[in-house]
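Chain by chain, the residues:
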Amino acid sequence: MSRKRRVCHPAAVVAPLAQRTLTTGIAAALTLAVGSAAAQATRWSAEVRATTGVTVTDNANLQAASEQRDDVILDVTPSIALRAEGGRLRVAGSFALQGLTYVNGAGDSAIIPAGRLNANLEAIERWFFLEGEVAASRGLANPLGPRPEGASSVNRLSTTNYRITPYVERVLIDDTSLRIASSNAWTRTGGDVAAEDRYTGRHSFLLQREPRPLGWAVEAERDEERVEGPQPAVPTVDLVRARLRYGFDGQFAIGLRGGITRSDIFVGESRSFVGGELLWRPTERTRLEGFYERQPYGGSWLGTFSHRSPFVAWDIRSARSLTSFAQSQVELPATGDLAGLLDAALRTRITDPVERARAVEDFISRRGLPRSLTGPTSVFSDGLLIRTLNVATVAFIGRRNTLALTGFSQRDQSPAGADLVVSVAAPVALRQQGATLLYGLRLTTLTSVSAATTYTKTQDDAGTLSVGTPLTVGADSRQQTYRAQVDCLLSLRTTGFAGVRHQRFTSEGFEGWRENALFAGLAHRF
């Protein structure tokens, strides 16, 4: 009997070495640096709010007419938005904790966290850094089911992530730099889906030279995921890549890239890939960047375009990559970041980042706008997924008018093909499409009105994502949401709001339903 020979992949050596080297210095570096770093971060922006609301709805459980129940939903949401810019410490993000209850018991009471807070500490000056993050998001237990708007615990999938990333980053000589990082994240899932806690690790090495005019880079990376133990939850992926890039006049650059990737899902385990990349940055306000690689699972790419002016901000991106549910929760969301677009549009008018953060929070609060717009939900799956995402968002910010539009298309599918060795009991093939249009108008210095409409469509091409309901291949669900709201400044720090909402849902796997609701509440800034 012949024994299969495993070739040692460079990323398999770099990953544990990087992880051990970086983690050994964390405690000492923090002890030495936290005091001085925190002392230098004297410019803080903290926006603490508490929002309380009441919703009267004729369909609190979002069911068909024969089973729907009217109810009154009470909710309280404390939140905080932080921003700090200092010599060696940076903090940014927001976090909220919504508690809701159903007066007549039509649904389950719940406490739902949401938001993302990130902190970066320069522990050893220009050498060793430590980044930490806590994030929470609300998804859908069944992506084909209802997408609740407002206070609701229906079809809920709550995910909380904790991440710590020690890394070395250093400019060596001239334009050559080194970065060694070990990103370690823990994901906890709750709500209507019970799942084990997961660990996700991404360990990387990067040595590069800026293209002036010729640049190059050598990098290695390992992605791993485990479920409460040493055994991997999904196959580990190792990658080694080399890149060459040529720059023209500091605004345009093109390049070639190629390397070797290894995983148990690939036939022969190790496979080579090639690709290209480009960068166009005509001004500090406009940036176009992207790459394409021919991977064993097909094309892999990432393309982004961003542009900002004093009154308009654009963000367009397209991506295709190999990912998993836990990895997608750790990554930054790629859709509908209205607060980020407002920050980009105000960058020309307000150059100071702390003052700009205050202005964004004040703008959102006074005009009753959401921090983010509708986007696709992550599919809960135990295996690897190939994700293809296209999204575009634009925001116009006038003196009295605010207009935002976002549209997205996302496809998740289980890896399959002649070059792949995959055994999936319930393969995934889910498509999501949607769009949101938001308009806000400041009527007076005290009063603002806003209106929004959202449309989403979800289609299960594999027929495997139902929860308690047998679905057929190609089953889909569609939902439209309409919302109008008026906000009135009652005092310097207190805003009152009231509005109406209508939702309509149709599906091949569920009975259709409609909901009408009235809501009102108070928001106070401390």
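Provided above is the structure to which this section pertains.
Residues numbered from 1 in each chain as written. Predicted model: local features only at pLDDT ≥ 70, side-chain atom pairs only at ≥ 80, totals over all residues. Heavy atoms only, no water.

S.K.: I would appreciate a short explanation of the pairing of strand S20 (residues 475-489) in the present structure.
M.R.: A regular strand places its side chains so that they alternate between the two faces of the sheet. In this structure, strand S19 (residues 447-460) lies alongside S20, joined through 14 bridges in antiparallel fashion. By the bridge assignment, Lys457 is partnered in S20 with Arg478. Pairing between S20 and strand S21 (residues 494-507): 13 bridges, direction antiparallel. Across the sheet, Cys488 pairs through a bridge with Gly496, a residue of S21. Taking the residues between adjacent antiparallel strands as the criterion, S20 and S21 are bridged by four residues. (Pairing = 2+ DSSP bridges. Helix = DSSP H or I, 4+ residues; strand = E, 2+ residues; numbered from the N terminus.)

S.K.: Just to check I follow, could you spell out the environment of Asp382 for this structure?
M.R.: With respect to the helices and strands, the residue Asp382 is situated in the loop between helix H5 (353-367) and strand S16 (385-397). Between the C-alpha atoms of Asp382 and Phe325, which are 57 residues apart in sequence, the distance is 7.5 Å.

S.K.: For this particular structure, what's the right way to read the pairing of strand S9 (residues 214-227)?
M.R.: Sheet topology note: the strand S8 (residues 198-209)/S9 ladder contains 12 bridges and is antiparallel. Its bridge partner lying in S9, Leu207 is registered against Val218. Remark: four residues form the turn of the hairpin made by S8 and S9, two consecutive strands paired antiparallel. Judged from the 10 bridges that link them, S9 and strand S10 (residues 237-248) form a sheet pairing that is antiparallel. Considered in S10, the bridge of Trp216 is made with Leu244.

S.K.: Help me out: how do you make sense of the nonpolar core in this one?
M.R.: In a soluble, globular protein the nonpolar side chains are often hidden away together inside. Among the nonpolar cores identified, the biggest contains 17 residues, and Leu338, Leu342, Val360, Ala395, Ile397, Ala404 and Leu438 are the most heavily contacted of them. Secondary-structure elements contributing two or more residues to this core are helix H4 (338-346), H5 and S16. Sorting elements by how many residues they give to this core places H4 first, with seven residues. The residues contacting Leu342, other than those within four sequence positions of it, are Val360, Phe363, Ile364 and Ile397. Of all hydrophobic cores here, the second largest spans 12 residues; its members include Ala106, Ala110, Val154 and Trp513. (Core = buried A, V, L, I, M, F, W, Y, C linked by side-chain atoms within 4.5 Å. Buried < 20%, exposed > 50% of the residue type's maximum accessible area, 1.4 Å probe, protein only. Contact = heavy atoms within 4.5 Å.)

S.K.: Honestly, the packing of aromatic side chains in this entry has me stumped. Any pointers?
M.R.: For any two aromatic rings, the description comes down to two numbers: the centre-to-centre distance and the angle of the planes. This model, assessed by the stated rule, comprises six aromatic pairs. Geometrically, the ring pair formed by Tyr292 and Trp301 is stacked, given 6.4 Å between the ring centres and 15° between the ring planes. Overall, Trp301 belongs to the partly exposed group, its relative accessible area being 26%. Summarising the aromatic geometry, the rings of Phe505 and Trp513 are spaced 5.4 Å apart at their centres and angled 10° between planes, so their arrangement reads as stacked. Relative accessible area serves as the criterion here: at 2%, Phe505 is assigned to the buried category. Its end group placed over the ring of Tyr167, Arg179 keeps NZ or CZ at 4.2 Å from the ring centre. A cation sits over an aromatic face here: Arg257 above Phe291, 4.3 Å from the ring centre. (Phe/Tyr/Trp six-rings, centres within 6.5 Å; stacked < 30°, edge-to-face > 60°. Lys NZ or Arg CZ within 6 Å of the ring centre and 35° of its normal.)

S.K.: Got a minute to help me understand the pattern of salt bridges in this structure?
M.R.: Charged atoms that come close allow side chains of opposite charge to pair. Here the structure, examined in full by the defined rule, presents 30 salt bridges. A salt bridge links Asp461 to Arg411; the shortest N-O distance between them is 3.1 Å. Taken as a pair, Asp461 in the loop between S19 and S20 and Arg411 in strand S17 (residues 401-413) lie far apart in primary sequence, 50 residues in all. On the accessibility criterion, Arg411 (28% relative accessible area) is partly exposed. For Arg431, the salt bridge goes to Asp461, with nearest N and O atoms at 2.9 Å. Highlighted residues: Arg431 in strand S18 (residues 429-442) and Asp461 in the loop between S19 and S20, separated in sequence by 30 residues. For Arg431, a relative accessible area of 37% translates into the label partly exposed. The exposure class assigned to Asp461 is partly exposed, which follows from its relative accessible area of 22%. (Salt bridge = Lys/Arg side-chain N within 4 Å of Asp/Glu carboxyl O.)

S.K.: Any chance you could explain the environment of Arg371 here in plain terms?
M.R.: Relative to the helices and strands, Arg371 is located in the loop between H5 and S16. With a relative accessible area of 33%, Arg371 lands in the partly exposed category. Once the C-alpha coordinates of Arg371 and Ala339 are considered, the two residues, 32 residues apart in sequence, prove to be 5.1 Å apart.

S.K.: Can you walk me through the packing of H4 against H5 in this structure?
M.R.: The packing of two helices is summarised by the inter-axis angle and the distance between the axes. Contact geometry of H4 with H5 gives a least axis separation of 10 Å together with a crossing angle of 125°. As far as their axial angle goes, H5 and H4 are oblique. Note that H4 runs across H5; the crossing there is right-handed. Note on element contacts: H5 touches H4 through Arg356, Ala359, Val360, Phe363 and Ile364, opposite Ala339, Leu342, Asp343 and Leu346. Of the residues belonging to the contact of H4 with H5, the class tally is seven nonpolar, no polar and two charged. (Axes fitted to C-alpha atoms, helices over the stretch in contact; angles between N-to-C directions. Parallel < 35°, antiparallel > 145°, perpendicular 65-115°, else oblique. Left-handed = near helix turned anticlockwise from the far one by under 90°. Nonpolar A, V, L, I, M, F, W, Y, C, P; charged D, E, K, R; others polar.)

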